[in-house]
Amino acid sequence: MQEKNKILYNRVEVLVFKPESIGLKPLFENEDFAIFNKPSKMLIHPKGRFAHHSFMDEVRTHLGEGANLTHRIDKETSGLVLVGKHKKSISEFGLMFLNNAIKKEYLALTNVKNGIQNVKTSFSLSLPLATQEKGGDLCVRSVYWKAGHTQAYKMLNFKDAQSDFEVLGIVDFNDEKMDKLTEVKINENSKFLLFKVLPKTGRTHQIRLHLQALGIPILGDPLYGVKDAHSREYLDGEFISKNTESNSALSDEKRLEYFGAKRLMLHAYGLQFCYKGKNYCFRSIENFDIIQRILVAV
């Protein structure tokens, strides 16, 4: 059906969402909200009308039909998600995120192609971003503003995007303590930077695109800083066929070969805010397994 608000006659099918949990439970819960730690590769909400699991299955299973998201993180990103338990808190937290009243902190493991010594220990970046029109090749990629854009790019709705970065350390996977790590592709230059990132705005793929624009893309990113052909293969695998309830997602082996890691090495590890006169601070590296192992090894 192409037309909206069209009157339908004869037979009408109504799809009802029934949550199916895989056992993900809140890290914290009170009468107003709950904090979950979403694994990587889990959809944040249902996609289209096809049967598949998403983070909302966990939310509705544990908190009921009245609970809902107050913000989103990418499917590929792991980490903390704040869920409102009723309409009032959902609206209040939504406004707090919109007004930047909630401090978000991320961990990002990056692939430094131009020399670690050239990266400052802390810096800020303001670089406008835009989403592309649907229907084009690799249109799911956001783009950043730069001189020399084509006229078609200039017509996109670029919005200000700001991020603060702090280098937490250098990760050397050639160290003998790291030789059993299998989540990343090891070669003779396997040194990466671990960043803490504080996004000041919330544009689509903001952290991923900002780091790619700086020439230090996030390890394991299937869209930014990698070959177009590999991104297309990844996206083909993510497409959920109308004729099946399963998909042909890219294998861990191919992710390792194409993108340097089995998953996107980006994790939402911190949320800080004040609500109803109380200060809350949540941090967790659960579901960011490689960082847990690095911290133990180091």
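**Let's talk about helix H1 (residues 55-63)**
At step 1: Counting buried residues along H1, seven of its nine residues qualify, which places the element largely inside the surrounding structure.
At step 2: If you follow the buried residues of H1, they end up packed against strand E1 (28-29), strand E2 (33-38), strand E3 (68-69) and strand E4 (78-84).
At step 3: One or two steps after H1, the chain reaches glycine 64, where phi turns positive at roughly 95°.

**Focus: the pattern of salt bridges**
At step 1: Here the structure, examined in full by the defined rule, presents 16 salt bridges.
At step 2: Aspartate 32 is the partner of lysine 276 in a salt bridge, and the nearest nitrogen-oxygen pair spans 3.0 Å. Of this pair, lysine 276 sits in the loop between strand E11 (266-275) and strand E12 (278-283) while aspartate 32 sits in the loop between E1 and E2, and the two are 244 residues apart along the sequence.
At step 3: On the accessibility criterion, lysine 276 (55% relative accessible area) is exposed.
At step 4: Looking at aspartate 32, the relative accessible area reads 5%, which means it is buried.
At step 5: Across the salt bridge formed by lysine 41 and aspartate 252, the nearest N and O atoms sit 2.9 Å from each other. With a gap of 211 residues between them, lysine 41 in the loop between E2 and H1 and aspartate 252 in helix H6 (residues 252-259) connect regions that are remote in the sequence.
At step 6: Judged by relative accessible area, which is 31%, aspartate 252 ranks as partly exposed.
At step 7: Bridged by salt links that share partners, the residues Glu105, Glu166, Lys196 and Arg283 form one connected network.

**Here we look at the packing of aromatic side chains**
Within a pair of aromatic rings, the relevant descriptors are the distance that separates the centres and the angle that separates the planes.
At step 1: Overall, the coordinates contain 20 aromatic pairs when judged by the stated rule.
At step 2: Judged by centre distance (5.3 Å) and plane angle (90°), the rings of phenylalanine 36 and phenylalanine 55 are edge-to-face. Of this pair, phenylalanine 36 sits in strand E2 while phenylalanine 55 sits in helix H1, and the two are 19 residues apart along the sequence. Phenylalanine 55 carries the same exposure label as phenylalanine 36, and that label is buried.
At step 3: An aromatic cluster of three or more residues is present, and its members are Phe28, Phe33, Phe93, Phe273, Tyr275, Tyr280 and Phe282.

Cut-offs applied
Residues numbered from 1 in each chain as written. Predicted model: local features only at pLDDT ≥ 70, side-chain atom pairs only at ≥ 80, totals over all residues. Heavy atoms only, no water. Buried < 20%, exposed > 50% of the residue type's maximum accessible area, 1.4 Å probe, protein only. Helix = DSSP H or I, 4+ residues; strand = E, 2+ residues; numbered from the N terminus. Contact = heavy atoms within 4.5 Å. Salt bridge = Lys/Arg side-chain N within 4 Å of Asp/Glu carboxyl O. Phe/Tyr/Trp six-rings, centres within 6.5 Å; stacked < 30°, edge-to-face > 60°.

As far as function goes, none of this settles anything; it's purely spatial.
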